[in-house]
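# Analysis of the macromolecular model
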Amino acid sequence: MEYFIYGIGLIIGGGFFSLMLPEKAKGYAVSLFTGLGAACILSPSINVLLGQSIPSLAVEISYPIGTTNISIDHLSAFFLIIISVMSFIGTIYTIGYMKVYNGKGRTVTSHFFFLSVLIASMPLVVVVQNALAFLIVWEIMSLSSFFLLSFENEKEEVYNAGINYLIAMHIGVLFIITGFVLLSIKSESLDFNSFKDVLNADKWQTNIIFLLLFIGFGTKAGFIPLHTWLPKAYPAAPSHISGLMSGVMINTAIYGILRIITLIKLPSIEIAYFVLIISLISGILGVAYAIAQSDIKKLLAYSSVENIGVIGIGIGVGLLGMAYHKPSLTVLGFSGGMLHILNQSLFKSLLFYSTGVVYLQTHILHMEKLGGLIRPMLFTGICFLVGSLAISGLPPFNGFVSEFLIYWGMLTGLKSGYVLLSVMIVLSFSGLAFIGAMALLCFTKVFSIVFLGSPRSDLHEKPIDVHWTMKAAMGFQILLIFAIGFLPQYIFIGISKAAHGLFGEISPEIFTSYFNTLCDVSRGLAVFMGIFILLFLGRYLLLRKRRVYRYKTWDCGYQAGNTRMQYTGASYVEPFMTLIRPIFKTKIRENKPIGLFPSRSTYESQTDDKFEHAVIHPIIKRIEKFLNAFTWIQSGSTQQYILYGLIFLILITLWIMVV
Amino acid sequence: MIEILINAALLIILPLLFIGLINRVKSLWGGRQGPSIMQPVRDFLKLMKKGEVISTTSSFIFKIAPSITFASIILAGLIVPMAGGRSILSFNADFIFFAYILATGKFFAIIGAMDTGSSFEGMGASREAVFSSLVEPAFFIVIASIGILGNVSTFEGLMRLSGGSGELKMLILMLGAGTLFIMLLVEGCRVPVDDPNTHLELTMIHEVMVLDNSGPDMGIIMYASAMKMIIISSIIANMVIPESMAFGLSLASYLAVLLVLAVIIGTIEAIVARLRMSHVPQFLFYMTAISVIILSIIVLTVSGGMK
Amino acid sequence: MINFIIIVFGLTMLYISSTIRIEGYIKALSIQGFLLFFLVLLDYDTIILPNLIFLSFETLAVKAIALPLFLIYIIRKNGIFREVEPSVTSMSSLIITSLIFAAGFYISYWSIDAVSNIRPFYFGISISTIVAGIFIIISRKKIITHVMGYMMLENGNFLMALSIVKEMPFIVALGVLLDIFIAIYLLGLFVNKVQDEYSEIHIDTLSKLKD
């Protein structure tokens, strides 16, 4: 446990230390200290997963928090590993990314400081066992990420996105506070463990509290319809911050949900179906919105919603297993969901990091203006390709393994004997397949438009691959992705330990059967790679002595083709958008070419977020109306303010006299 | 062991013959002499002997894409149950692996097409991706609904329904086979979804994606798409053929079903026009609609509503 | 066998909801007639003989052959445009019909325990056919498609009546009366030749009739 404290200390210390350093050295310092701190945090976490006893520590903090238990149980250990490793990778990437901004003075200084604060607050979120202390570190995390996000706050859209994020987070916190207050009033304590009795007492009381907390944590995680801050915040933030937020910080919200589930011994059926259905909606609509985007980061933000949906489907399946007493559903569902947390933090941040490289080199995020980047930026292109394959859940990458576990869990629940359960499972089974197929459409779009073909616009400078630190960070992530993808059985051991608090001990026979199946999967993947290598080798040998011409792309006889005639992202997804037009709100402004010698013609399409228009905006409008009624208070006249002071003084005097 | 060897041999031999057979049936309907059944084999060998032309726009993706696609389809072929309901590789939940490895192949086929920067190929790739996103969920509904009655552990076991009366089993499997037949038409790029013989790039799906491929790459693309048809036909065959038969008999009926499928596809190609591109999605939605019916029937069966 | 026929009956409704050709509608109606004929024959042990003869004649001669032929004759005679002109896209209409069928199956699932003495599967499909027929009437613009939507609705009724034929045989006979009504309606269309009044028989033009 001391190591954990040292680790946090080191990370924060790195932040303070970086304040004194010259700008060039700040990144290295923060990265070094984070690395050391991450190692210190890793060692107790790995020990816990390896079977050592759970370290815990009771800290006495003055009123009103009281005794705070800090303990690293299996669930916390799992999240600590993700947070520490991914943060370390993030800081390495940051060194290269922030080079461009050197010479900006104080902004960079505070940026590195808050980066350390964010990285230090996340491990604390997953270990504190006291509701009030949890809220405090949660708030530190939200605020520090807000400062990081509004790095380029001189731009108006960044400023707006930052404020939007801040408000969304506080609405979320409001729900969490309400949930915790209800819990602590009933249990007369702030400790998580004491909540257990309350949560197991009355079914509907538990449902309501769970709903409140789910809304609170779900706002951070980005379940639809609570996702509206994501597509604004991620494009505004610098890429390493979007990577850290989507890859690491979001996970703490999932941690919150899982923590509540560990406290509920027997979740009700309603909770399970609620989580499953909300997650299915998030998954399907998230990826459908992602397909419509043309800003790369916005697309990734919506796809983050989709991945949260997939994680939620896993958790929902696990909850169904608990509610219906089907251990196989529980084990596979939770393991799949938790593995997807790890996976999504790997590939999502990889995608954000490689997008960051694209942005640094071209200063463009609009994919219709990019193209052909894989030739000048081979390494980044491969990173993005691996990320896209992994996020679409395709073998032999890691996204497949988690989705496989979830699918498999669903299959074991098919013959449950409960008709509703079977139907729901079949529907979510195909829903997950639909999500996968749409993700394929979405990521073939972004990868091929950005990296393949020819450049669609003239760039000011020739793009090149970048600083070694960024390459190192991304390369390390690729290694992890491959490792999980090819050797899923070993990662399953860790996951099944980490999910210990959710489903207890698995019997050895069942564990062995799961393990063996994953071995089979890994063998299948090996066969796949073997066949591919053989085929490619065969092709190489066949063509070695033959003539291989290089000639321009087949143009159907039209000789004056140019790069702007390539298929664009919008045209690539047009058939799909036509299909879903009834469901979505797509505005199309077109000016069709008419006549033999058409003049200038244009086409413009814009897909709005229906939830934002239908749910969030009306609420905001009402609130605005209500608050507008009070604008006269701030009139700007000094006399009036002095009058307030006088009124206040009189009221105080009256109060004292009365009491 | 011998069964596995026979299946492996079938997986290698059948694909090109299947295509040849379809073309032969089509030519018979058209009153033409037609090419011999071996013609696709000859085409394939011819392509393997050639050099290649590679687009200057393309990157390494273009070179590896056909091999990866073919590898994924071969692996799917190893997993799918063939003659005698036996598959070469079999493990728990292998049909999920099957569906996803095919998707990997599709991913690379698509980005391989997009790599050339040609708008024709972009068009084909876009259609391929959209149509497969409609097919996938229906396929999964069919698989999972059958799984309620069958044994879900492996692909082999999936086709063996345990609950329900004989007539119901027949009904479910016929509907399942019908859905998969639509999938066969989509994935095999046959009429009425796609026309393999059209010469207008604007109306094609799969053929237009491979416009720039040539030589051995084109050869393996051709072989791969033929093998994909065999794979889906094998699922259909295993649904239609009753289990508990001697291997020899089962092999014969497997080949017979494949023959019938080839004749049906050839006949459809000869007498039906290709659908308008905007109508293809509804045609594909039939898959989903029928699979929902399958699910409902199975649910009714399980809860005793089918009298 | 019965289940199989009922499923095919349901599939014809799916086909109708997505096709854009009027002749597709007529073909599907004719197929529905044949299917109902087979259903009546397969139910021979529950229906009394005179009823059986009457019903099988009605389904085969009227539903499967006479009415479709008559419809084709009217379409040719009146020169009605061959597309049905739906007011929703055929994709959404297909999706809506599938949802109607899913709901129908839910009803049959519910009716397993709730209502005794009826066959749930018959019941579900027939209810969804009725609703799908109403949907066709609502979403298509031509008068002739209204008539055909009504005929589908009536076929659904017939199917439902078959599912409770053991209890209430006269219901089926009542259902048959609807066919006569249809025939009269069609005859009216034919004789009065609405065509003479309006260039195209279109539901929009009917709204001019309001005062």
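None of these values were measured; they are calculated from a predicted model.

The rules we used
Residues numbered from 1 in each chain as written. Chains lettered and ligands numbered in written order. Predicted model: local features only at pLDDT ≥ 70, side-chain atom pairs only at ≥ 80, totals over all residues. Helix = DSSP H or I, 4+ residues; strand = E, 2+ residues; numbered from the N terminus. Buried ≥ 20, exposed ≤ 12 C-beta atoms within 10 Å, placed from the backbone. Contact = placed C-beta atoms within 7 Å. Rg over C-alpha atoms; globule rule 2.2 N^0.38 Å. Axes fitted to C-alpha atoms, helices over the stretch in contact; angles between N-to-C directions. Parallel < 35°, antiparallel > 145°, perpendicular 65-115°, else oblique. Left-handed = near helix turned anticlockwise from the far one by under 90°. Nonpolar A, V, L, I, M, F, W, Y, C, P; charged D, E, K, R; others polar. pLDDT = per-residue confidence, 0-100. Pairing = 2+ DSSP bridges. Expected span 1.5 Å × (residues − 1).

## Quick look at the overall build of chain C
The helix and strand tally for chain C stands at 9 helices and 0 strands. Of the regular secondary structure in chain C, the N- to C-terminal order runs α-α-α-α-α-α-α-α-α. The burial tally for chain C puts 42% of its 211 residues in the buried class. Here the analysis covers contacts within chain C between residues at least 6 apart in sequence; of these, 71% occur between residues at least 24 apart.

## Things to note about the overall build of chain B
Check the secondary structure of chain B and you find 11 helices and 1 strand. Its helices and strands in sequence order give chain B the pattern α-α-β-α-α-α-α-α-α-α-α-α, from N to C terminus. In terms of overall dimensions, chain B is globule-like: its C-alpha atoms have a radius of gyration of 19 Å, near the 19 Å expected for 307 residues. For chain B, the residues scored as buried account for 63% of the 307 residues in total. For chain B, the share of sequence-separated contacts (at least 6 apart) that also reach a separation of at least 24 residues comes to 76%.

## Comments concerning the packing of helix 1 (residues 2–29) of chain B against helix 10 (residues 247–271) of chain B
All names here are of chain B. At a closest axis distance of 8 Å, the pairing of helix 1 and helix 10 adopts a crossing angle of 30°. Put simply, helix 1 runs roughly parallel to helix 10. Where helix 1 crosses over helix 10, the handedness of that crossing is right-handed. Each of E3, I6, L14, F18, L21, I22, V25, K26 and W29 in helix 1 lies in contact with helix 10, whose residues at this interface are F247, L251, L258, A262, V263, I265, G266, T267, E269, A270 and I271. Within the contact of helix 1 with helix 10, the residues separate by chemical class into 15 nonpolar, 2 polar and 3 charged.

## Some words on the confidence of the model for chain C
All names here are of chain C. Taken over all residues, the pLDDT of chain C has a mean of 80, while the share at 70 or more is 83%. Across chain C, element-level confidence peaks in helix 2 (residues 22–42) with a mean pLDDT of 90 and bottoms out in helix 8 (residues 194–197) with 50. Scoring the predicted complex yields pTM 0.91 and, for the interface, ipTM 0.95.

## Regarding the environment of T412 of chain A
All names here are of chain A. As for its position among the elements, T412 is in helix 15 (residues 398–412). Classification of T412 as buried rests on a count of 23 C-beta atoms within 10 Å. Each residue touching T412, except ones within four places of it in the same chain, is listed here: S328, L329 and L332.

## Digging into the interface of chain B and chain A
Residue-level contacts link 67 residues of chain B with 64 residues of chain A. For the side of chain B that touches chain A, the elements supplying multiple residues, two or more each, are strand 1 (52–55), helix 3 (60–79), helix 4 (94–114), helix 5 (119–149), helix 9 (215–240) and helix 11 (280–302) of chain B. Among the elements that line the side of chain B that touches chain A, the one with the most residues is helix 5 of chain B, at 18 residues. Grouping the constituent residues of the side of chain B that touches chain A by class yields 39 nonpolar, 20 polar and 8 charged.

## A few points about the interface of chain B and chain C
Listed per partner, the contact involves 20 residues of chain B and 21 residues of chain C. Elements with a contribution of two residues or more to the side of chain B that touches chain C: helix 7 (166–187) and helix 11 of chain B. Among the elements that make up the side of chain B that touches chain C, the one with the highest residue count is helix 11 of chain B (11 residues).

## Digging into unusual backbone geometry
A negative phi angle characterises most non-glycine residues, just as the trans form characterises most peptide bonds. Of note, the bond from I224 of chain A into P225 of chain A is cis; its omega dihedral lies within 30 degrees of zero at 5°. Note that P225 of chain A resides in the loop between helix 8 (203–221) and helix 9 (230–236). Going from V191 of chain B to P192 of chain B, the amide bond is cis rather than trans, its omega being 5°. Mapping P192 of chain B onto the fold places it in the loop between helix 7 and helix 8 (206–209). For E188 of chain A, which is not glycine, the phi dihedral falls at a positive 55°. With respect to the element layout, E188 of chain A can be found in the loop between helix 6 (156–187) and helix 7 (192–199). For H325 of chain A, which is not glycine, the phi dihedral falls at a positive 55°. Overall, H325 of chain A belongs to the exposed group, with 10 C-beta atoms counted inside 10 Å.

## Points about the packing of helix 20 (residues 508–544) of chain A against helix 9 of chain B
A pair of packed helices can be characterised by two numbers: the angle between their axes and the separation between those axes. In contact at an axis separation of 10 Å, helix 20 of chain A and helix 9 of chain B are set at 145° when each is read in the N-to-C sense. The segment helix 20 of chain A lies against helix 9 of chain B, with L535, R539, L542 and L543 of chain A engaging P216, D217 and I220 of chain B. For the contact of helix 20 of chain A with helix 9 of chain B, a count of residues per class yields 5 nonpolar, no polar and 2 charged.

## A look at the pairing of strand 2 (residues 66–71) of chain A
Note: strand 1 (residues 56–61) of chain A against strand 2 of chain A, 6 bridges, orientation antiparallel. By the bridge assignment, A58 of chain A is partnered in strand 2 of chain A with N69 of chain A.

## As for the environment of L502 of chain A
Residues and elements named next belong to chain A. Along the polypeptide, L502 turns up in helix 19 (residues 500–503). In this structure L502 comes out as buried when scored by C-beta crowding, with 23 C-beta atoms within 10 Å. Residues L502 and I264, 238 residues apart in the sequence, show an inter-C-alpha distance of 9.5 Å.

## Quick word on helix 20 of chain A
Along its 37 residues, helix 20 of chain A runs 53 Å from first to last C-alpha, staying within 8% of the 54 Å computed at 1.5 Å per residue. Those residues of helix 20 of chain A hidden inside the fold are in contact with helix 15, helix 17 (468–486) and helix 18 (488–498) of chain A together with helix 3, helix 4 and helix 9 of chain B.

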